[in-house]
Amino acid sequence: MSEKPEILYACEPDLEAVEFGRVLRESGLGAIRPIDDEARLRRMIAGAGLIVTARRNVEGRPLVGVARSVTDFSWCAYLSDLAVSSKAQGLGIGQGLIDETRRQLGPDVGLMLASVPEAVGFYERIGMGRIDDAFWFRRER
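Every value quoted in this text rests on a predicted model; they were computed, and no experiment measured them.

## A word on the nonpolar core
- By size, the foremost hydrophobic cluster in this structure holds 19 residues, and its most contacted members are Leu 82, Ile 93 and Leu 97.
- Of all the elements in the fold, those that place two or more residues in this core are strand 2 (50-56), strand 3 (63-71), strand 4 (76-84) and helix 3 (93-105).
- What Ile 93 contacts, discounting residues up to four positions off in sequence, is Ile 7, Tyr 9, Ala 54, Val 64, Val 84 and Ala 88.
- Core analysis: the next-biggest nonpolar cluster, separate from the first, contains 15 residues, Ala 17, Phe 20, Leu 29 and Ile 51 among them.

In structure tokens:
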């Protein structure tokens, strides 16, 4: 029986775009994120109000997960990216990233997200409620 590795959660507003892109790629979100556009990844990081990371507590502290949110820290937050490297999935890191995001936001801030179809069951299992009356304009590129 193998032991679960210790995961360190932290706020990293200056996360490197290359690391962010790698985790997006490894998580499977690379198919729907601009992982080959480093300048755009840097803008995504710079424009986020909160970036929570998950790193393995081993030499080099490799990044295995990211939760990137846009927020006013007062009323609302949009969790725009929740990515966990495929090598680290099943270790509770997604839940840990959301828990740390909510802790950083505090109890006065609502947290919402748009899920990829494959992840709907995960969000239901952790107790997130569905929003029936949500709308958006899709990106053109």
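Read on for the rest.
## Description of unusual backbone geometry
- The residue Arg 61 is not glycine, and still its phi comes out positive at about 40 degrees.
- Assignment of secondary structure puts Arg 61 in the loop between strand 2 and strand 3.

## A short note on the side chain of Asp 81
- Examined against the element boundaries, Asp 81 turns out to sit in strand 4.
- Among the polar contacts listed, one links the side chain of Asp 81 to the side chain of Arg 33, at a separation of 2.4 Å.
- In this structure the side chain of Asp 81 is engaged in a polar contact, spanning 2.5 Å, whose partner is the side chain of Arg 68.
- In this structure Asp 81 touches Phe 20, Leu 24, Arg 33, Met 44, Val 66, Ala 67 and Arg 68, once residues within four positions along its chain are discounted.

## Description of the sheet that holds strand 2
- Strand order in the open sheet formed by five strands is 1-2-3-4-5, with mixed pairing between adjacent strands. Strand pairing shows two members of the sheet lacking a second neighbour, strand 1 (7-11) and strand 5 (110-112), which therefore form its edges. For this sheet, the mean inter-axis angle between neighbouring strands, taken without regard to orientation, is 25 degrees.
- Bridge analysis of strand 3 against strand 4 gives seven bridges, and the strand direction is antiparallel.

Basis of the calculations
- Residues numbered from 1 in each chain as written.
- Predicted model: local features only at pLDDT ≥ 70, side-chain atom pairs only at ≥ 80, totals over all residues.
- Heavy atoms only, no water.
- Core = buried A, V, L, I, M, F, W, Y, C linked by side-chain atoms within 4.5 Å.
- Buried < 20%, exposed > 50% of the residue type's maximum accessible area, 1.4 Å probe, protein only.
- Helix = DSSP H or I, 4+ residues; strand = E, 2+ residues; numbered from the N terminus.
- Contact = heavy atoms within 4.5 Å.
- Polar contact = N/O pair within 3.5 Å; in protein donor to acceptor, adjacent residues only side chain to side chain.
- Pairing = 2+ DSSP bridges.
- Axes fitted to C-alpha atoms, helices over the stretch in contact; angles between N-to-C directions.

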